Amino acid sequence: MGHGTEFRAKTKAQYQYDRHHNAVHMRKQVVNFAIMIFLTFLAFTVVVADFSPFFIKPLILLLAGIQVVLQLYSFMHMDDKKGHHIGVIQLFVWTGALIAFTFFITFLTIIWW
Amino acid sequence: MEETKFTPQTWPDHPEQATMEGKNKFVGIWIFICSDIVLFASVFATYLSLKDKGPAGMEFSAAELYELPLAFVMTMLLLTSSLTSVFAMYHMKNYNFKGVQTWMIITVLLGLGFLGLEIYEFYHYVHIGFGYTQSAFSSAFFTLVGTHGLHVVIGLVWITCLIVRNARRGLNLYNAPKYYAASIYWHFIDVVWVFIFTVVYLMGVLG
Amino acid sequence: MSSVAVAKKKGFGATVWDYLTTVDHKKLAVLYLVAGTLFFAIAGFEALLMRIQLMIPNNNFVSAGFFNELLTMHGTTMLFLAATPLLFAFMNAIVPLQIGARDVAFPFLNSLGFWLFFLGALFLHLSFFMGGAPDAGWTSYASLSLYSPGHGIDFYVLGLQISGAGTLISGINFIVTIITMRAPGMTFMRMPLFTWTSLISSTLILFAFPPLTVGLFLMLVDRMFGANFFNHTMGGNTIIWEHLFWIFGHPEVYILVLPAFGLFSEIIPVFARKRLFGYSSMVFATILIGFLGFMVWAHHMFTTGLGPTANAIFAVATMAIAVPTGMKVFNWILTIWGGSIKVTVPMLYALGFIPSFVAGGVTGVMQATAPLDYQLHDSYFIVAHFHYVIVGGIVTAIFGSFHFYWPIMFNRALSEKLGKWTFWIFFIGFHLTFFIQHFLGLMGMPRRVFTYQADQGWDLFNFISSIGALMMGVGVILLVTNIFMSIKSKPLNCRDYWGDGRSLEWALKTPVPFYNFKQTPLVRGFDPYWLEKHEGNKEGMTYAEPLGDIHMPNNSIIPLVISIGMFVAAFGALYHPDGVSWSIPVIVIGLGITVAAMITRSLKDDLGFHVHVDEILATEEELYGKGGNK
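Numbers given to residues run from 1 along each chain, matching the order in which its sequence is written. Think of it this way: whatever chain is written first is A, whatever ligand is written first is 1, and the rest follow in order. Per-residue local features of the predicted model are confined to residues with pLDDT of at least 70, and side-chain atom pairs are confined, for both listing and counting, to 80 or more; whole-chain, interface and lining totals are unaffected and use all residues.

Summing up its helical and strand segments, chain B has 6 helices and 0 strands in all. For chain B, buried positions account for 57% of its 207 residues. In this description, a residue-residue contact is defined by the distance between C-beta atoms placed from the backbone, which must lie within 7 Å. Long-range pairs, those at least 24 residues apart, make up 80% of the contacts in chain B with a sequence separation of at least 6. For helices the rule is a DSSP run of H or I covering at least 4 residues; for strands it is a run of E covering at least 2, with both sets numbered from the N terminus onward. Each residue is classified by how many other C-beta atoms fall within 10 Å of its C-beta atom, where C-beta atoms are placed from the backbone; a count of 20 or more means buried, 12 or fewer means exposed, and values in between mean partly exposed.

With that settled, the discussion passes to the overall build of chain C. Helix and strand content of chain C: 21 helices and 4 strands. Compactness check: chain C gives a C-alpha radius of gyration of 25 Å against a globular reference of 25 Å for 630 residues, within 12% of the reference. Based on the C-alpha atoms only, the size of chain C along its principal axes is roughly 70 × 60 × 45 Å. Looking at chain C residue by residue over its 630 residues, the buried ones come to 56%. Of all intrachain contacts in chain C linking residues separated by at least 6 positions in sequence, the fraction that spans at least 24 positions is 82%. In this description the radius of gyration comes from C-alpha coordinates, and the expected globular size is given by 2.2 Å times residues to the power 0.38.

Residues and elements named next belong to chain C. Note the cis peptide between Thr510 and Pro511, where omega equals -5°. On the secondary structure map, Pro511 appears in the loop between helix H17 (459-488) and strand E1 (521-522). Although it is not a glycine, Asp378 adopts a positive phi angle of roughly 60°. Residue placement: Asp378 occurs in the loop between helix H14 (370-376) and helix H15 (380-410). Here the phi dihedral of Asn516 falls at roughly 60°; this positive angle occurs in a residue that is not glycine. The class of Asn516 is buried, set by 23 C-beta atoms lying within 10 Å.

Our next topic: the interface of chain A and chain B. Tallying the contact residues gives 48 residues for chain A and 47 residues for chain B. Of all the secondary-structure elements, those providing two or more residues to the side of chain A that touches chain B are helix H1 (12-48), helix H2 (53-75) and helix H3 (86-109) of chain A. Basically, the charged four are Asp, Glu, Lys and Arg, the nonpolar ten are Ala, Val, Leu, Ile, Met, Phe, Trp, Tyr, Cys and Pro, and anything else, Gly included, counts as polar. In terms of residue class, the side of chain A that touches chain B is made up of 32 nonpolar, 11 polar and 5 charged.

For the rest of this paragraph, the subject is the UniProt feature "transmembrane region" (unreviewed entry) in chain B. Residues and elements named next belong to chain B. UniProt positions are given in the numbering used here, feature names are shortened, and annotations may be inferred rather than shown by experiment. As recorded in UniProt, the sites labelled "transmembrane region" (unreviewed entry) are residues 27-50, 70-90, 102-120, 140-164 and 184-204. Across residues 27-50, the secondary structure splits into 100% helix and 0% strand, with the terminal C-alpha atoms separated by 35 Å. Helix makes up 100% of residues 140-164 and strand 0%. Its end C-alpha atoms lie 36 Å apart.

Turning our attention to the nonpolar core. In summary, soluble globular proteins display a tendency toward joint burial of nonpolar side chains. By our criterion, buried Ala, Val, Leu, Ile, Met, Phe, Trp, Tyr and Cys residues that link up through C-beta atoms within 7 Å make up a nonpolar core. With 280 residues, the main nonpolar core has Ile31(B) and Phe264(C) as its most contacted residues. Counting the residues that make up this core, at least three belong to each of domain 1 (7-79) and domain 2 (82-113) of chain A. If near-sequence neighbours (up to four positions away) are discounted, Ile31(B) is found in contact with Phe92(A), Ile172(C), Ile175(C), Val176(C) and Leu206(C). The source of the domain bounds is an automatic or database domain assignment.

With that out of the way, let us pick up helix H5 (residues 107-126) of chain C. When the terminal C-alpha atoms of H5(C) are compared, their 29 Å separation across 20 residues agrees well with the 28 Å that a helix rising 1.5 Å per residue should span. Counting buried positions along H5(C) gives 15 out of 20 residues, so the element sits mostly inside the fold. Between the first and last residue of a helix there are one fewer steps than residues, each counted as 1.5 Å, and that sum is the expected span.

Let's shift gears to the confidence of the model for chain B. Per-residue confidence from the prediction method is given by pLDDT, with values spanning 0 to 100. The share of residues in chain B with pLDDT of 70 or more is 98%, and the mean pLDDT across the chain is 92. Within chain B, no element has a lower average pLDDT than helix H2 (residues 62-65) of chain B, which sits at 89, and none a higher one than helix H4 (residues 97-127) of chain B, at 96.

Attention shifts here to the interface of chain C and chain B. The interface of chain C with chain B comprises 30 residues on the first partner and 29 residues on the second. Listed by contribution, the elements that provide at least two residues to the side of chain C that touches chain B are helix H7 (152-180), helix H8 (193-224), helix H9 (239-272) and helix H20 (583-603) of chain C. Ranked by residues supplied to the side of chain C that touches chain B, first place goes to H8(C) with 7 residues. Taken together, the residues of the side of chain C that touches chain B sort by class into 21 nonpolar, 9 polar and no charged.

Residues and elements named next belong to chain C. If you trace the backbone, Ala596 turns up in helix H20. Here Ala596 falls in the partly exposed class, since 13 other C-beta atoms lie within 10 Å of it. Taking C-alpha positions, Ala596 is 9.4 Å from Gly565, a pair spaced 31 residues apart along the chain.

It is worth spelling out the confidence of the model for chain C at this point. All names here are of chain C. In this model, chain C carries a mean pLDDT of 93, and residues with pLDDT of at least 70 account for 98%. Every residue in residues 1-7 is under pLDDT 50, and counting partners more than four places away or in other chains gives 16 contacts. On the interface metric, ipTM, the complex scores 0.94, and its pTM is 0.95.

On to H17(C). All names here are of chain C. The end-to-end C-alpha distance of H17 is 45 Å, a good match for the 44 Å that 30 residues give at a rise of 1.5 Å each. Along H17, the residues that are buried comprise Asn462, Ser465, Ser466, Gly468, Ala469, Met471, Met472, Gly475, Val476, Leu479 and Asn482. As for H17, its buried residues are in contact with helix H3 (25-54), H15 and helix H16 (416-442).

Time to look at the packing of H3(C) against H17(C). Each pair of packed helices can be summarised by the angle the axes make with each other and by the distance between the axes. Residue and element names in this part refer to chain C. Running from amino to carboxyl end, H3 crosses H17 at an angle of 155°, the nearest separation of the two axes being 9 Å. As the angle between them shows, H3 and H17 are arranged roughly antiparallel. For the element pair H3 and H17, the recorded crossing hand is left-handed. Across the interface between the two elements, Gly44, Ala47, Leu48, Arg51, Ile52 and Leu54 of H3 pack against Asn462, Ser465, Ser466, Ala469, Leu470, Gly473 and Val476 of H17. Among the residues forming the contact of H3 with H17, the class breakdown is 7 nonpolar, 5 polar and 1 charged. Angular values range over 0 to 180 degrees, each being the angle between N-to-C directions of two axes fitted as lines to C-alpha atoms, with helices fitted over their stretch in contact. By definition in this entry, angles of less than 35 degrees are roughly parallel, angles greater than 145 are roughly antiparallel, angles of 65 to 115 are roughly perpendicular, and the rest are oblique. Throughout, a crossing is termed right-handed when the near helix is turned clockwise from the far one, and left-handed when it is turned anticlockwise from it by less than a right angle.

Let us now look at the packing of helix H1 (residues 20-50) of chain B against helix H5 (residues 136-166) of chain B. All names here are of chain B. Contact geometry of H1 with H5 gives a least axis separation of 9 Å together with a crossing angle of 155°. It follows that H1 is roughly antiparallel to H5 by the angle criterion. Along this stretch, H1 crosses H5, giving a crossing that reads as left-handed. Along its contact with H1, which presents Val43, Phe44, Thr46, Tyr47 and Leu50, the element H5 presents Ala136, Phe137, Ala140, Phe141, Thr143, Leu144 and Thr147.

See the structure below:
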């Protein structure tokens, strides 16, 4: 690999701290997973329960949005400050999302028969 | 660091970003995902503008076609596979290679389950006459969901290659970034699926 | 050629193999340069044939059908296969040197990007010999292209799909390179402007090529596999193609012009011998142009009938782009202002660029006015406008950079004297060709027609335009002659050929060794080489590390194999609608080669190799004589 990468053994305290930190982090991920499962249930339930579409559509879109943010920031570690150039990555991802959004708007409004 | 043998004590905190190659792969997979976002947005937008459009007197509509129970099971499989790949990454941080391999295998199995259901779904649609060339709606539906399915296939092949090739080598700083990139990609497939089940299936059933 | 000393020992076969397998960004730059120049010449020749046909009214030099093929291939080739690779050549050659890197972030992908691009381009051009080239215009609107007989459009779709994948891969590679591979001290706000514009233009590639991929895929399945995206009798809609194409197509213009801006932002300060005026505003303007470039695509579709609201929104957004572009123009003028100007060939191109590009920009704002666009649409005014932007902006940048960067890329210099002749002949020819086309358009001459009736007041202007085109042709021939002459000329073996280089690439002695920097440089400010020169540093840079082993990537043939697989599969898809029995097997075999090559890549360890200190010292001594790069 590239030179300049050196590795030293961690101290015992550091090692135990890292282990603990990883475990706590993992527990958080499981909680987030539970939330995602719950949101999915909710989305399917409101559709099956036959509420007014004017209520359901915005709600399930909102639920999808929350799920995606959870995936990105929790599972994909976009919240990890130690990620290499994570700020630039966030900028790129959200720019991509914004551009994607304009596609939806235009394809729903100015394509017609 | 070809020769270096690691112990859990010397294993770095962010093994996937400990080398220059690792850092490049980390940024690279994210930048690739950005372009994939736009790719899916284009297919999605096309689907939305062609939904329920077909030749005069077309008998299929989204409201009658889709089956929610199947979509629900598929969603659960893919969501769970996302969590299992998080477990794999957790074990990678702790330098537990067995854990990485086990959870990655479970991820692949869940992905295969998802893929099987999707193939069944496609087969079912074609069987009742809703084939790829039946209408603009069918073309758009198969292209959108099929593009996602293709991403799943690529992800499965990728992860399988990783599991097989590293089975004897064990964990090192050369392959840690590869596992990490594959897991990020796998999560992204799940992100896209969240939109597909919401916009295609749930909102499709609403009409 | 960049590693002349190593190449000398090799036979012809070994050199060819070296270029087929290379992952060195300097060699890939040479490949891009050669391929781009080749396709530039082909597309230019097509333009000459068209201008000869239009020289006099009622001409029958070429047939109507062949004229359609010529205009389609001219546009497609110039944008995808000539301008893009030529700019990629400079990005490959210069960006890693400017940021102080030994190579790009993904050398393997860099090579894959080139071979995909090249084989896609080759595939597209095979159409001339295999039953006719595409003939629906470079925009290939679905309503027309869907019903185009023969295989022309299929070649277009498949060829661009493959070469587009290559471009996207290269774009990702450049983004990551610029983000992660900068030398210590090279902060974002110290990056030279060419690096900045390469970053933004690669970002545009990142976001603009996927919609093209999708659009081409929809066209592909519609034409070859019976899908119905654009077939209105089956519920399809051709406007989807227009949107997808222009979502890509408009940013594509900025993908090309932003690196051109960057190149001029490098050339002008060197020959004005002044720091670039308003650096941070230049960076800001680049980002703004990139962003706005994505929000304006529908101005190509004003006459499609989007309605007044959409037209108004896109008209205003389009006009807004004039603001950051204007910032850039004023910054260049203010850089030159009060400088101690040296009028070399690159500087001549820069001086010619500013008024030409402004003219093209002003007519752009005219067309952004939706009501006026209804008058100008599909007339020669449009042709004049975009040629002013593309030739006046991008081609002048490329020609100027040929002269400017030739010493770094090949350790040779292009002749200044011949270069000045080239410039004047090309520049006068360019204005002669296209200035008059504004008036042809205003007089009502439609674009894309293969001939016209006499005595409509168009005869003389068309004749003048064709004379100009021939002059441009002579200019290009002179440039190519200049290139061939440079091969015979003496190696330079010098540092800072122009004497006033500012950024890091000029700090290197030519020929540049394959590892670029024997020690990673430490960047202590904007214009690092200028800074070191003025502090009397003889070596041209401060080092961030002691001399040590250098890690370099291995060469690989796999990128070429992956690309060949795609090339083979494309033939299967092409003949699928003919109902031949071998089409599906050929697709399977082709994709099989690709996948197998990818899996081989994935299963094999590729750890690269180390160049040891004594080897570095030996190489330095061989290249620069005793004492190495001092």
